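Survey of secondary and tertiary structure
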Amino acid sequence: MIDTLKKDHGFAKDLNFLKKHTDIIVLQEEQSAVAIAPQFQGRVMTSTTNVNEGDGFGWINKKVIEAGFLSEEERKGRLENQIYVFGGEERFWLGPEGGQFSLFFKPEDDFEFSNWKTPAVIDTEAFTLVSKTNNAVTFEHRCELTNKSGTVFKMGIGRSITILNKATIETIIKTKFSANVAFVGYQTNNQITNIGDQQWLPETGLPSIWMLGMYNPSPETTMIIPFKEGEETVLGQKVNDTYFGKVPNDYLEVKNDVLFFKGDGTKRSKIGINSKRTKGIAGSYDAVGKVLTLVTYNTQEAPHGYVNSAWEHQEEPFAGDVINAYNDGSPEPGVPSMGPFYELETSSPAAALQPNETMVHIQTTMHLQGDERELSKISETTLGVSLDAIIKSF
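Summary of the structure given here. (Residues numbered from 1 in each chain as written. Predicted model: local features only at pLDDT ≥ 70, side-chain atom pairs only at ≥ 80, totals over all residues. Heavy atoms only, no water.)

**Here we look at the overall build of the protein chain**
Rules: Segments assigned H or I by DSSP are reported as helices when at least four residues long, segments assigned E as strands when at least two residues long, and all are numbered from the N terminus. Here the globule rule reads 2.2 Å times residues to the power 0.38, and the radius of gyration is calculated from C-alpha atoms. Note on classification: 1.4 Å probe, protein chains only; a residue is buried when its accessible area is under 20% of the maximum for its type, exposed when over 50%, partly exposed between these limits. All accessible areas in this document rest on Shrake-Rupley with a 1.4 Å probe, and a residue is counted as covered only by the protein chains that are shown. Charge convention: Lys and Arg are scored as positive, Asp and Glu as negative, and His as well as the terminal groups of each chain are ignored. Taken as the charge centre is NZ of Lys, CZ of Arg, CG of Asp or CD of Glu, depending on the residue.
The helix and strand inventory of the protein chain stands at eight helices and 18 strands. Its C-alpha atoms give the protein chain a radius of gyration of 20 Å, near enough to 21 Å, the size a compact globule of 394 residues would have. For the protein chain, the C-alpha atoms occupy an extent of roughly 55 × 50 × 45 Å along the three principal directions. Within the protein chain, the fraction of its 394 residues that count as buried is 56%. For the protein chain, the exposed surface amounts to about 17,000 Å²; the carbon and sulfur share of it is 46%. Treating the 37 positive side-chain charges of the protein chain as one cloud and the 52 negative ones as another, the clouds have centres 4 Å apart.

Set out below in structure tokens:
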């Protein structure tokens, strides 16, 4: 099974494919590497613990990348009319997706999928390369967006990606590990700036930075999100599991302070954790490839809450989630899935920015692969659960 995964998702093979179709920047640290596409908003397409022989961890939609950007005529009746699903294991996006302050629906449109359209700034517009070294790259962009309530945002965007060395990863996870664990890690600094002359106000809608990572699934991949224990009256519900209808018990198990969510890429479902419950980390474990993935972000004050992306007119537009996880699958009987993939996502607070003020959202992604005893120790330190508990959760 592992050989099959490597054959299908080998980093070197994926890198060769990507380079045929778009510019790619590769950052390297020892054997680890990260592949970045400026044309696709500086997104991390994939990464690996071994640049020559390792798995690629990012899900890449090769059919869409191969076809490239289509003309208006070619896009008619196709998903590309609404979004180019290029894939990639960390992309810069903007929220909210739904609600009266949505950036994905026009003022006059109902919340139907046929009306949903990804803004060009996070779909078809390339980010400008500002600087590049062996271990870091920086991009910038400027844009103008209009939300569903008709509010215009003049926005500057900054995004930098840095590949991490072993010592930095060990500091972040508060655990040292031996050469029996291969690693790759990268940190992204993502910024939005109000470059207009009007303050962004909650009454007319606020944007947020939204980071999404699309990863290759396996039949034995489980996502893990630890959360704070406490009464729902104080901290809110443990998990929001009704994004696409309630998640069945054989895909989601919720304990007192941690949840397990299948990432097998076979059943479309999504969950969220609110800002009072979060511990600032989410992860996954692939028992087939022996890969522990950890995603952290800079927890910060959120005086205006987090944007709500539900596809409806919202009573509480700033009561959204800070961490999301998604398992791909068929959206309805007889319709193929987009992937298969699974996602871990984090969001910044709602950005009520004065002119020239900036919101910063920093996300760190780490993949650790190899010795299960060491991985279990890392999992216990970071996620609060052993690999054995993860494997036996379903």
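On we go from here.
**Structural notes on the nonpolar core**
The criterion, for reference: Each nonpolar core is a collection of buried residues, namely Ala, Val, Leu, Ile, Met, Phe, Trp, Tyr and Cys, held together in the definition by side-chain atoms within 4.5 Å. What makes two residues a contact is simply this: any of their non-hydrogen atoms within 4.5 Å.
With 47 residues, the main nonpolar core has I36, F92, L94, M155 and I192 as its most contacted residues. Elements supplying a minimum of two residues to this core: β1 (25–29), β2 (32–37), β4 (91–95), β6 (136–146), β7 (152–163), β8 (181–194) and β9 (208–215). When neighbours within four sequence positions are excluded, M155 is seen to be in contact with L94, H141, R142, C143, L145, I192, T193, I195, W200 and P207. Membership of the second largest hydrophobic core comes to 22 residues, among which are V181, F260, Y285 and A287.

**Let's talk about the packing of aromatic side chains**
For clarity, the threshold we go by: Aromatic rings from Phe, Tyr and Trp, taking only the six-membered ring of Trp, are treated as a pair when their centres fall within 6.5 Å; an angle between ring planes under 30 degrees marks them as stacked, one over 60 as edge-to-face, and anything in between as tilted. Two thresholds decide whether a charge sits over a ring: the Lys NZ or Arg CZ must be within 6 Å of the ring centre and within 35 degrees of the ring normal.
Across all of its chains, the model carries 21 aromatic pairs by this definition. Aromatic rings pair up to connect W93, F104, F105, F111, F113, W116, W210 and W311 into one cluster. K62 extends its terminal NZ or CZ atom over the ring of F17, reaching a point 5.4 Å from the ring centre. If you follow K148 out to its NZ or CZ, it ends over the ring of F111, 5.1 Å from the centre.

In short, shape yes, function no, at least from these values alone.
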